[in-house]
2 protein chains.
Amino acid sequence: MSVRAFRAPVLHCLRDPGDAPDSEHVEHFTDGLLVVNGGKVAALGPAPALLAKLPRGTEVVEFPDRLIVPGFIDTHIHYVQTDVIAAHGKQLLEWLETYTFPAERRFADAAHAAEVAEFFVAELLRNGTTSALVLGSVHAVSVDAIFLAAERTGMRLIAGKVMMDRNCPAYLRDTPESGYAESRSLIERWHKRERLLYAVTPRFAPTSSDAQLQRAGDLAREHDDVYVHTHLAENREEVEWVRKLFPDARSYLDVYDRYGLVRERSMYAHSIYLDEADRRRFVETGAAVSFCPTCNLFIGSGLFNLGEAWRQGMRVGLGTDVGGGTTFNMLQVLNEAYKVAQLCDFNLSPLRALYLGTLAGAEALCLADRIGNLAPGKEADFVVLDAAATPLLARRTAAARKVSEALFAMIMLGDDRCVAATYLQGELAYRRP
Amino acid sequence: MSVRAFRAPVLHCLRDPGDAPDSEHVEHFTDGLLVVNGGKVAALGPAPALLAKLPRGTEVVEFPDRLIVPGFIDTHIHYVQTDVIAAHGKQLLEWLETYTFPAERRFADAAHAAEVAEFFVAELLRNGTTSALVLGSVHAVSVDAIFLAAERTGMRLIAGKVMMDRNCPAYLRDTPESGYAESRSLIERWHKRERLLYAVTPRFAPTSSDAQLQRAGDLAREHDDVYVHTHLAENREEVEWVRKLFPDARSYLDVYDRYGLVRERSMYAHSIYLDEADRRRFVETGAAVSFCPTCNLFIGSGLFNLGEAWRQGMRVGLGTDVGGGTTFNMLQVLNEAYKVAQLCDFNLSPLRALYLGTLAGAEALCLADRIGNLAPGKEADFVVLDAAATPLLARRTAAARKVSEALFAMIMLGDDRCVAATYLQGELAYRRP
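Predicted model, so just to flag it, every value in this text is computed and none were measured.

**Student:** Whenever I open this one, the overall build of chain A confuses me. Can you help?
**Tutor:** Looking only at helices and strands, chain A has 16 helices and 17 strands in total. Radius of gyration (C-alpha) of chain A: 21 Å, near the 22 Å computed for a compact globule of 433 residues. Among the 433 residues that make up chain A, the fraction classed as buried is 62%. Counting contacts in chain A only where the partners sit at least 6 residues apart, residues at least 24 apart contribute 72% of the total.

Structure, rendered in structure tokens:
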């Protein structure tokens, strides 16, 4: 990889911009130059100044009518549910039984897993997502497949084998010992190979015995730089079930906490039904929440209170949660994140929405030193957005007076068509046909 | 217009299919033939049987890989807010002040109105919407413009001049008398001209004086086949304001009722905050509600309880409510309708969703004898849907075992790209590029 430069309007967040319409924590170059060297950002600034300093003969790719933003970071997605997206009609527990478990069964077959993994990774890139935290099925081969597919693209991806040993069909069960051993073997095989990272992934408390949660906690202790990835307090019926299954726990979060699973690099999807003590525990430990609005609405789970979580200082990333979520596209997820926040009387600013879809995810994953924005030294993962992708969007953004207004129009009216190109480490990974 | 036929899979509702996954009230022809004569449906049935009966030489247009459904009916949309769609950050009353009123002011200019009307009608057709109930601005010229644009396409469109004489900027006020006279003149000019119909349109109770509501009631009485179109109980703050403005009224609905505005062919957008007496009154009178989920979420108004409304026997149509709504596309509005219903613990079946977007709108508008499905004698307005419009949708619908599953996937994953063509009275009005 040699030096290349990209000349375009560029927008990214240096840190959480907060609720103000403008913020010093956001950089916007109307005529920017992003210089990439060896897959990393070498420089970012106004094009006229930086062009003069480029080594002679450096290739400059120009997108004058586009907007470069950091690649989106999807903090919760089930690749093994790609083919049950938009399956009709259930709330959480019935949804799992009816659609999810039969679909996941097929991932015992390595060829099936490889085919879906290939499509899945292509779909991420088509939607401008450059990093994702991914659940496989209970089968170790499913995780091999997704890591292989990701590795071929050069994307930074975190994945793990689901652990579940009860309250699910017999054909999907592992045991505390097999789940431990297979996870450990996957960690040895994949964790930190190229850009790949591993996540210890108990599905959720109801489908793991105490013994299995104990072994998951052992993995998390023995490998403190791997992730923990699971679900928390998504649905009222589920919360009630957990209360019955774990009568001694103070709360649902406390079930995980007792096994050492609440810490930095722990990602709890949903976390809708929390109390004050739970929120404090998130803040104390640095564990993070993945907010998945399209899924929370689709299966009728409820409204995550983003404003409250941020006021308390919790780390929150955004997730598509395919297949319970209804899109791979993070602009569309931000659309519904905005709407859920509105219902909770919290107004999400356009720039903070960008933060939520990019840098906040990196921070939640403790990867903000590598991804999440385009500061020098970061891995050069970025998206080239087209604010004129449809007739309506073109009309709307032509009238925009500020970049935040155009960005917000893309969030509300846009979709995969807004993604003109996706770059991983400065290399073209997807170009819109 | 001569005889033409369309051979394709066809799906439409004969009446409300209810909650069951299948229903005798829905017709599905896997290889259907839709015969059109003089702009109306002459016959619909299985192609093999009907083809034999066609007059020799009849043109047969074939869409073997598509799905023909009735044109969508949008029961609440502001064409004068086309250019403020996706404007950021307010709840209802502030939204009006900040975005809506300044945008509507420009519609005093006939040239501006004509330009927007042209774009707006094209956008409806691009999204498969063949009929709409539309608000203009306070200016009569804005209504002339939208009727002219609609008339050129041959679409069935209902529109009206907004009446408002208080609690709004002086530059947008009419008076009880000028509002009455201009509306009457528009009725004479446009009502029942070709397929066009008029709606008496007091914006909402807070912006009309008692005298103006009285005059709106006079118009509704004097022309009992015109529509009444307004807003009701969208937002808690608004409801509270109405309570203060009309302290003698039993409820917000009762304000309108006292002036004779609650009757058949009355459309009340939103109607989120109703009580039992209000719901009974809707059922008694045949007045209808326009459910506008993308707007209700976008400006944080609340959740309309569709299941409850239907259980009580209320008439409900679906509305985009552009510019507070975030899309012109009724598939996308159905996506969010489904989600809002899920949050209210009501599961909307795929076929009933189709009903909501088509025949239910026709019934709410008392136009079910003319539009809403493709029964013989109806006006032949229809959409040719493409269930393979994106890679994800193509993959998902290829695995669908039933048409309802493919339809639901289009609702959840689809958008304007699913609209391969739109026909008005059997004539091509839009074809996807």
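From this point, things continue past the structure.
**Student:** Please explain the relation of the copies chain A and chain B as it appears in this structure.
**Tutor:** The second copy of the chain is related to the first by a rotation about an axis and a shift along the axis. With an RMSD of 0.0 Å, the fit of chain A onto chain B corresponds to turning through 180 degrees and sliding 0.0 Å along the axis. What we have between these two chains is a two-fold relation. A symmetric contact is evident, with 97% of the interface residues of chain A recurring at the interface of chain B.

**Student:** What should I look at first to understand the domain arrangement of chain A in this one?
**Tutor:** By a widespread convention, an interface's size corresponds to the accessible area lost as its parts come together. Residues and elements named next belong to chain A. Under the domain assignment used here, chain A contains domain 1 (4-70 + 373-431) and domain 2 (72-328). Once you take the C-alpha centre of each, domain 1 and domain 2 turn out to be 31 Å apart. Contact with domain 1, which involves 11 residues of that partner, is made by 11 residues of domain 2. Looking at the side of domain 1 that touches domain 2, the elements with two or more residues in it are strand E16 (419-424) and strand E17 (427-431). A class-by-class count of the residues in the side of domain 1 that touches domain 2 yields five nonpolar, two polar and four charged.

**Student:** Quick question: what am I supposed to make of helix H12 (residues 330-343) of chain B here?
**Tutor:** One full turn of an α-helix is made of 3.6 residues, so residues set three or four places apart face in the same direction. Between the first and last C-alpha of H12(B) there are 20 Å, a value that for 14 residues agrees with the 20 Å anticipated at 1.5 Å per step. Trailing H12(B) by a residue or two, B:Asp345 shows a phi angle of about 65 degrees, which is positive.

**Student:** Can you help me understand the nonpolar core in this one?
**Tutor:** Most often, soluble globular proteins have nonpolar side chains that are buried together. By size, the foremost hydrophobic cluster in this structure holds 320 residues, and its most contacted members are A:Leu34, A:Ala337, A:Met410, B:Leu34, B:Ala337 and B:Met410. Excluding anything up to four places from it in sequence, B:Ala337 contacts B:Phe291, B:Pro293, B:Leu306, B:Leu318, B:Leu348, B:Ala353 and B:Leu356.

**Student:** Explain the packing of helix H13 (residues 350-357) of chain A against helix H16 (residues 403-413) of chain A here, please?
**Tutor:** A pair of packed helices is characterised by two quantities: the angle between their axes and the separation of those axes. All names here are of chain A. In contact at an axis separation of 9 Å, H13 and H16 are set at 60 degrees when each is read in the N-to-C sense. If you check the angle between H13 and H16, you find them oblique. In this structure, H13 crosses over H16, and the sense of that crossing is left-handed. Here H13 contributes Pro350, Leu351, Ala353 and Leu354 to the contact with H16, which in turn contributes Ser404, Leu407, Phe408 and Ile411. Residue composition of the contact of H13 with H16, grouped by class: seven nonpolar, one polar and no charged.

Conventions and cut-offs
- Residues numbered from 1 in each chain as written.
- Chains lettered and ligands numbered in written order.
- Predicted model: local features only at pLDDT ≥ 70, side-chain atom pairs only at ≥ 80, totals over all residues.
- Helix = DSSP H or I, 4+ residues; strand = E, 2+ residues; numbered from the N terminus.
- Rg over C-alpha atoms; globule rule 2.2 N^0.38 Å.
- Buried ≥ 20, exposed ≤ 12 C-beta atoms within 10 Å, placed from the backbone.
- Contact = placed C-beta atoms within 7 Å.
- Least-squares fit on C-alpha atoms with pLDDT ≥ 70 in both.
- Domains from an automatic or database assignment.
- Nonpolar A, V, L, I, M, F, W, Y, C, P; charged D, E, K, R; others polar.
- Expected span 1.5 Å × (residues − 1).
- Core = buried A, V, L, I, M, F, W, Y, C linked by C-beta atoms within 7 Å.
- Axes fitted to C-alpha atoms, helices over the stretch in contact; angles between N-to-C directions.
- Parallel < 35°, antiparallel > 145°, perpendicular 65-115°, else oblique.
- Left-handed = near helix turned anticlockwise from the far one by under 90°.

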